Amino acid sequence: MRHFLVVALFAVAAHAEVTVTVDHNRGAAATTAFKFARVASPSRDDVASPAKVEVIAGTVDRNSAPIAALTDGRLPGNEDEPEANLFFRGDSWGGRIRFDLGSIVDIAAVNAYSWHPDTRAPQVYRLYASDGTDPNFNPSPGVKVDLSTCGWREVAFVDTRSKEGDGGGQYGVSIADTSGSLGLYRYLLFDVFETESDDPWGQTFYSEIDVVAKK
């Protein structure tokens, strides 16, 4: 069974309309191909592939894949494969991941993918972006720092948790803009949160993150 949700969010600029498209594959629909109804499948050759990706806050779980798993184009072979996904330490709030694309890029979309049979499947994060030119730009802001004061702009808030059940399955999330461009940015920052705190198993298994340049 496939489910999808399209949420419209208004960005800071008066004319900009950011859209967050969520596809959720359950059961037999969740395969290693990561095929979705609305969201493109993960790419092996996108702008994020050569990017420098770093965890700037939080702690990656010792059973997690290295940070390179987010951009290497390699996907999990099943729904519960820790070594093929990036996830933060259990019993923690989450963490922050920064992408440095190397130069300013006109970004069309940012896509994130996750897969797990239980509460590690949904995605919860705020996406921020920066071109790095603000004189107050801080590339590694602490968790208590207001990002709007140090050169970062909030692009979207993503929360794919289901109101019913554990929300397990396979998720594809695409953040885009009706204008065709999210903006001209060099840096992206994912402020990632746990999906639940009732037990240590609320850290999402992130399989891949793609950054798509405007053509």
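Residues numbered from 1 in each chain as written. Predicted model: local features only at pLDDT ≥ 70, side-chain atom pairs only at ≥ 80, totals over all residues. Heavy atoms only, no water.

1. Looking at the overall build of the protein
Thinking step 1. For the protein, the count of helices and strands is zero helices and nine strands.
Thinking step 2. Counting from the amino terminus, helix and strand elements in the protein follow one another as β-β-β-β-β-β-β-β-β.
Thinking step 3. Whereas a compact globule of 215 residues would reach a radius of gyration of roughly 17 Å, the protein reaches 16 Å, a difference of no more than 12%.
Thinking step 4. By the burial criterion, 52% of the 215 residues in the protein qualify as buried.
Thinking step 5. Entry remark: accessible area of the protein is about 10,100 Å², with carbon and sulfur atoms responsible for 50%.
Thinking step 6. Averaged over its 20 positive side-chain charges, the protein has a centre that lies 3 Å from the centre of its 30 negative ones. (Helix = DSSP H or I, 4+ residues; strand = E, 2+ residues; numbered from the N terminus. Rg over C-alpha atoms; globule rule 2.2 N^0.38 Å. Buried < 20%, exposed > 50% of the residue type's maximum accessible area, 1.4 Å probe, protein only. Areas by Shrake-Rupley, 256 points an atom, 1.4 Å probe, with all protein chains shown as cover. Lys, Arg positive; Asp, Glu negative; His and termini not counted. Charge placed at Lys NZ, Arg CZ, Asp CG, Glu CD.)

2. A word on the packing of aromatic side chains
Thinking step 1. In the structure shown here, the tally under the stated rule is 12 aromatic pairs.
Thinking step 2. Judged by centre distance (5.5 Å) and plane angle (55°), the rings of Phe-99 and Phe-190 are tilted. Placement of Phe-99 in strand β4 (residues 94-116) and of Phe-190 in strand β8 (residues 183-193) is noted, with a sequence separation of 91 residues between them. Both residues of the pair, Phe-99 and Phe-190, belong to the buried class.
Thinking step 3. Their ring planes at 65° and their centres at 6.3 Å tell us that Tyr-125 and Tyr-206 sit as a pair that is edge-to-face. Pair noted here: Tyr-125 is in strand β5 (residues 124-130) and Tyr-206 is in strand β9 (residues 206-213), with a separation of 81 residues, a long-range link. With respect to class, Tyr-125 is no different from Tyr-206; both count as buried.
Thinking step 4. Three or more aromatic residues joined by ring pairs make a cluster, and in this case those are Phe-34, Phe-36, Tyr-113 and Trp-115.
Thinking step 5. Taking NZ or CZ as reference, Arg-126 lies 4.4 Å from the ring centre of Phe-157, over its face. (Phe/Tyr/Trp six-rings, centres within 6.5 Å; stacked < 30°, edge-to-face > 60°. Lys NZ or Arg CZ within 6 Å of the ring centre and 35° of its normal.)

3. Some remarks on the pairing of β4
The side chains of a regular strand alternate, first on one face of the sheet and then on the other.
Thinking step 1. By the criterion of burial, β4 is predominantly enclosed, with 19 of the 23 residues buried.
Thinking step 2. In this sheet, β8 lies alongside β4 in antiparallel orientation, the contact comprising 10 bridges. When the sheet's bridge partners are listed, Val-105 is paired in β8 with Tyr-185.
Thinking step 3. Note: β4 against β9, seven bridges, orientation antiparallel. Each bridged residue has a counterpart across the sheet, and for Val-110 the counterpart in β9 is Val-211.
Thinking step 4. Bridge count for β4 against strand β7 (residues 169-177) is eight bridges, and the pairing is antiparallel. Note that in β7 the partner of Asn-111 across the bridge is Ser-174. (Pairing = 2+ DSSP bridges.)

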